Amino acid sequence: MSVKGMIVGAAFSIMAAVLCAFVFGVVVSSSFLMAGSSIMYIGVFLQIIVPFLVVFSIAGAQFKRIDQVSEGVKWLISIMMAFIVITYAGTLGSLTTHVIVWGDKLENLAVGDIIVWGFIYGFLLLPLAAPVGRWLIFLLVDCCKYFEDSKEGDIQI
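Residues numbered from 1 in each chain as written. Predicted model: local features only at pLDDT ≥ 70, side-chain atom pairs only at ≥ 80, totals over all residues. Heavy atoms only, no water.

Novice: Any chance you could break down the overall build of the protein chain for me, citing the residues and the numbers?
Specialist: When you go through the protein chain residue by residue, the secondary structure sums to seven helices and zero strands. Looking at the protein chain as a whole, 34% of its 157 residues are labelled buried. Taking as baseline every contact in the protein chain between residues at least 6 positions apart, the subset at least 24 positions apart corresponds to 80%. Looking at the protein chain as shown, the accessible area adds up to about 9600 Å², and 73% of this sits on carbon and sulfur atoms. (Helix = DSSP H or I, 4+ residues; strand = E, 2+ residues; numbered from the N terminus. Buried < 20%, exposed > 50% of the residue type's maximum accessible area, 1.4 Å probe, protein only. Contact = heavy atoms within 4.5 Å. Areas by Shrake-Rupley, 256 points an atom, 1.4 Å probe, with all protein chains shown as cover.)

Next comes the structure, spelled out in structure tokens:
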């Protein structure tokens, strides 16, 4: 377990969450004729930042093991990662974001339906999210290798 890899994974997760929120916002905004507001970007970011931090910090800490496994296992890891992120974002992330952004109590929401549909979205969006997750795992392993091989004086900020 690499502490440096965990820190790289956490930093990578923040950048990946910002990128994914922006891409999602652009796709939704362009499909609805620029109807997306800036609060949508904040909402999507808040929904995905927690599972991204958890998943990529663990993956960053274990990047040497991930790099040594076969492609099939890497795909399985990315499928599990994508399902965790989508399910969390569709259930708990959606509920917490609603409370944070709008400050509303959850009594006006159908919480049970949100939980059920979050799991359904997790399965339905898996064919789209798994390749993105595999690509993000590939980038994370490359970033971890770069920072693992570098010395203290090599990295200039």
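Novice: Report on the packing of helix H4 (residues 71-90) against helix H6 (residues 111-124), specifying residues and quantitative values.
Specialist: Where H4 meets H6, the closest approach of the two axes is 8 Å, and the angle between their N-to-C directions is 155°. Between H4 and H6, the crossing angle belongs to the class labelled roughly antiparallel. Crossing of H4 against H6: the hand is right-handed. Here Phe83, Ile86, Thr87 and Gly90 of H4 lie close against H6, whose contacting residues are Ile114, Gly118, Phe119, Tyr121, Gly122 and Phe123. (Axes fitted to C-alpha atoms, helices over the stretch in contact; angles between N-to-C directions. Parallel < 35°, antiparallel > 145°, perpendicular 65-115°, else oblique. Left-handed = near helix turned anticlockwise from the far one by under 90°.)

Novice: Give a detailed account of the nonpolar core, specifying residues and quantitative values.
Specialist: Core analysis: the largest hydrophobic core is formed by 23 residues, its most contacted members being Phe12, Ala16, Ile48, Phe52, Phe56, Ile137 and Leu140. Counting residues per element, this core draws most heavily on helix H2 (residues 38-61), at eight residues. With near-sequence residues (within four places) excluded, Leu140 lies in contact with Val8, Gly9, Phe12, Phe56, Ala59 and Gly60. (Core = buried A, V, L, I, M, F, W, Y, C linked by side-chain atoms within 4.5 Å.)

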